[in-house]
Amino acid sequence: QVHLVESGGGLVQDGGSLRLSCAASGSAFGIYSMGWYRQAPGNQRELVARITSGGSTNYADSVKGRFTISRDNAKNTVYLQMNSLKPEDTAVYYCYGDVQYRGRYWGQGTQVTVSS
């Protein structure tokens, strides 16, 4: 079993910054992709950013230039630096890890609220 624990969410003003962290533990050997989704009330869950074990990254168009995903493979931890936050970034953010031969695991989610 793989456990993903997120931290770093909270309340921030329009234009502010937050840094999310997600640490994988348990049988986390073989995580080849990690990333973040978010879900706002009434909306579907959407991909925010992802990063492979080799460092390749992808971002949603809505966050390009504002968010940066990074990863520490030795610690099985993924980070999401969020700058220039907007009210429309308000959502529950979920991290995930794709483990070879075992599929995708999810964190419990962390709330990010951006006030205008």
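Refer to the preceding data block for the structure.
Residues numbered from 1 in each chain as written. Predicted model: local features only at pLDDT ≥ 70, side-chain atom pairs only at ≥ 80, totals over all residues. Heavy atoms only, no water.

Asker: I'm lost on the packing of aromatic side chains in this one. Help?
Answerer: For any pair of aromatic rings, geometry is given as the distance between the ring centres together with the angle between the planes. Throughout the structure, instances matching the rule amount to three aromatic pairs. Between the aromatic rings of Tyr37 and Tyr96, the centroid separation amounts to 5.6 Å while the plane-to-plane angle is 65°, which identifies the pairing as edge-to-face. Within this pair, whereas Tyr37 is found in strand β4 (residues 31-39), its partner Tyr96 is found in strand β9 (residues 91-99), the two being separated by 59 residues in sequence. Each member of the pair Tyr37 and Tyr96 is classed as buried. Summarising the aromatic geometry, the rings of Tyr37 and Trp106 are spaced 5.3 Å apart at their centres and angled 70° between planes, so their arrangement reads as edge-to-face. On the criterion of sequence distance, the pair formed by Tyr37 in strand β4 and Trp106 in strand β10 (residues 103-106) is long-range, its members being 69 residues apart. (Phe/Tyr/Trp six-rings, centres within 6.5 Å; stacked < 30°, edge-to-face > 60°. Helix = DSSP H or I, 4+ residues; strand = E, 2+ residues; numbered from the N terminus. Buried < 20%, exposed > 50% of the residue type's maximum accessible area, 1.4 Å probe, protein only.)

Asker: Looking at this structure, how should I read the pairing of β9?
Answerer: Residues in a regular strand project their side chains so that they alternate between the two faces of the sheet. Along β9, eight of the nine residues are buried, which leaves the element largely enclosed by surrounding structure. Direction of pairing for β4 relative to β9: antiparallel, over a ladder of eight bridges. When the sheet's bridge partners are listed, Tyr37 is paired in β9 with Tyr94. Where β9 and strand β11 (residues 110-115) come together, three bridges link them in antiparallel fashion. (Pairing = 2+ DSSP bridges.)

Asker: Looking at this model, I keep getting lost on the pattern of salt bridges. Mind explaining?
Answerer: Pairs can form between side chains of opposite charge whenever their charged atoms are close. In this structure the tally under the stated criterion is five salt bridges. Close ionic contact of Arg38 with Asp89 constitutes a salt bridge, the shortest N to O distance being 2.9 Å. Residue Arg38 is found in strand β4, and its partner Asp89 is found in the loop between β8 (77-82) and β9; the two are separated by 51 residues along the sequence. Here the two residues Arg38 and Asp89 agree in accessibility, since each one is buried. Put simply, Asp98 and Arg104 hold a salt bridge, and the shortest N to O gap is 2.7 Å. Residue classification places Arg104 among the partly exposed positions, given a relative accessible area of 37%. Here the salt bridges do not stand alone but share partners, grouping Arg38, Glu46, Arg66 and Asp89 into one network. (Salt bridge = Lys/Arg side-chain N within 4 Å of Asp/Glu carboxyl O.)

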